[in-house]
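The primary structure of each chain is shown beneath.
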Amino acid sequence: TYRFRDSVTKMECQVLPRLFAYMRDPSGQSMPEDLWQSLQEMQVHDSKEPRRHATDCREGYEMAILWESVARLMQYRAFRESQEAGVMLMYVQALDWPRKGKRLKKGEYKQALQVLNMTNTGGRLGMCPLFIGMRVRLTAKLSAKYGIVQDAVGQVQEVIFDEREFDETAMGSDWRVDRNHPARRRGYVRLKYLPKGVLVKFDGCTLDHGFGEGVVNVACCGGTWEFVVHDDVSGVRTVDKVPMNRVNAPLAPERVRTVQTAQGMSMDNCVMMLDRPHVKMSYDDWWLHVYVMLSRVRTASR
């Protein structure tokens, strides 16, 4: 296809199309030596590798198969980029509560917040990282008419705080104005209340509802999910699925993806974790995941 071309030089990649032809039909043959060598050259073996610190690489995408990896990459990236931008990172903690008269213990609420697979929690992160200028993607459909739907991407312009967020703080301890606040030294703060909204300027959107062209107030909204808990009944450990409600901002870092959320995309740069996540995933499924991941990028050199 015409997709495997460098977006700047327009040069066609000589590696990836051949590699994918082999992956689709290996026919029991060993991979050609030059393709195998090209794959080895893609690998990064050291955190000091120059490519990892190149601007185009750091601004590119990150991708993994396993949610345990993706969730951590999201948090690491948000903290790194907020530090580089010199702005505070704000964590918005989800509000969870069980439905149908169920009850959870205090420790189980904490465990619910730590469930990593966002597709299993109604598209809402337990702790959603945000900072002014952050690139985000939407995880809910707000308006099909204006294209503000799942996976729409944009940039955070402002966070509209709950009016109680700073009411209870003592004079001089507001992290927004107090440069000596402990949160300033850490570089992050956990909001005490869900914000009233997050103003996001979506790419390609011309809608103006009073916040400026393309700027939409993304409010915290709810989703439903099932939380798996374990109980000991008369010495027997049982599994129970508790129906849950979760409210949080339907946003996530834009450039960190799972294989599924990256399908259909073309990327100029990407850092990937190709590990087969666990023994439950067959080698055939893993091979397909690797194929999809590698095929998102335009050239092998990136």
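Look above for the structure.
The rules we used
Residues numbered from 1 in each chain as written. Predicted model: local features only at pLDDT ≥ 70, side-chain atom pairs only at ≥ 80, totals over all residues. Heavy atoms only, no water. Core = buried A, V, L, I, M, F, W, Y, C linked by side-chain atoms within 4.5 Å. Buried < 20%, exposed > 50% of the residue type's maximum accessible area, 1.4 Å probe, protein only. Helix = DSSP H or I, 4+ residues; strand = E, 2+ residues; numbered from the N terminus. Contact = heavy atoms within 4.5 Å. Axes fitted to C-alpha atoms, helices over the stretch in contact; angles between N-to-C directions. Parallel < 35°, antiparallel > 145°, perpendicular 65-115°, else oblique. Left-handed = near helix turned anticlockwise from the far one by under 90°. Phe/Tyr/Trp six-rings, centres within 6.5 Å; stacked < 30°, edge-to-face > 60°. Lys NZ or Arg CZ within 6 Å of the ring centre and 35° of its normal.

Q: Looking at this structure, how should I read the nonpolar core?
A: By size, the foremost hydrophobic cluster in this structure holds 42 residues, and its most contacted members are Met74, Leu130, Trp175, Val200, Phe202 and Leu251. Those elements that provide at least two residues to this core are helix 5 (67–85), strand 2 (89–93), strand 4 (127–130), strand 5 (135–138), strand 6 (153–160), strand 8 (197–202), strand 9 (215–218) and strand 12 (251–253). Per element, the largest residue contribution to this core is 5 residues, and it comes from helix 5. Beyond its immediate stretch of four places on either side in the chain, Trp175 contacts Met88, Met90, Phe161, Phe166, His181, Ala183, Arg184, Val189 and Leu191. If you look at the next biggest cluster of nonpolar residues, it comprises 27 residues, including Cys13, Leu16, Met23 and Met31.

Q: Whenever I open this one, the packing of helix 1 (residues 16–24) against helix 9 (residues 283–294) confuses me. Can you help?
A: A pair of packed helices is characterised by two quantities: the angle between their axes and the separation of those axes. For the pair helix 1 and helix 9, interaxial distance at closest approach is 11 Å and the crossing angle is 160 degrees. Here helix 9 runs roughly antiparallel to helix 1, going by the angle between their axes. Helix-helix and strand crossings are classified by hand; for helix 1 and helix 9 the assignment is left-handed. Facing helix 1, whose interface residues are Leu16, Leu19, Phe20, Tyr22, Met23 and Arg24, helix 9 presents Trp287, Val290, Tyr291 and Leu294.

Q: How should I be thinking about the packing of aromatic side chains in this particular structure?
A: In this description, an aromatic ring pair is defined by two values, namely the gap between the centres and the angle between the planes. Tallied over the entire structure, the rule returns 8 aromatic pairs. Seen in terms of ring centroids, Phe79 and Tyr188 are 6.3 Å apart; in terms of plane orientation they differ by 75 degrees. Their pairing is edge-to-face. Here the residue Phe79 occupies a position in helix 5, and Tyr188 occupies one in strand 7 (residues 188–190), the gap between them amounting to 109 residues. Given the relative accessible area of 30%, Phe79 is considered partly exposed. Look at Tyr188 and you get partly exposed, because its relative accessible area is 34%. For the pair Tyr91 and Tyr188, a centre-to-centre distance of 5.9 Å together with 75 degrees between the ring planes defines the contact as edge-to-face. Here Tyr91 is found in strand 2, whereas its partner Tyr188 is found in strand 7, with 97 residues between them in sequence. Counting every residue linked through ring pairs, the aromatic cluster contains Phe4, Phe20 and Tyr291. Residue placement shows Arg176 over the ring face of Phe166; its charged tip is 3.5 Å from the ring centre. Between Arg186 and the ring centre of Tyr188, over which it is positioned, the NZ or CZ distance is 5.0 Å.

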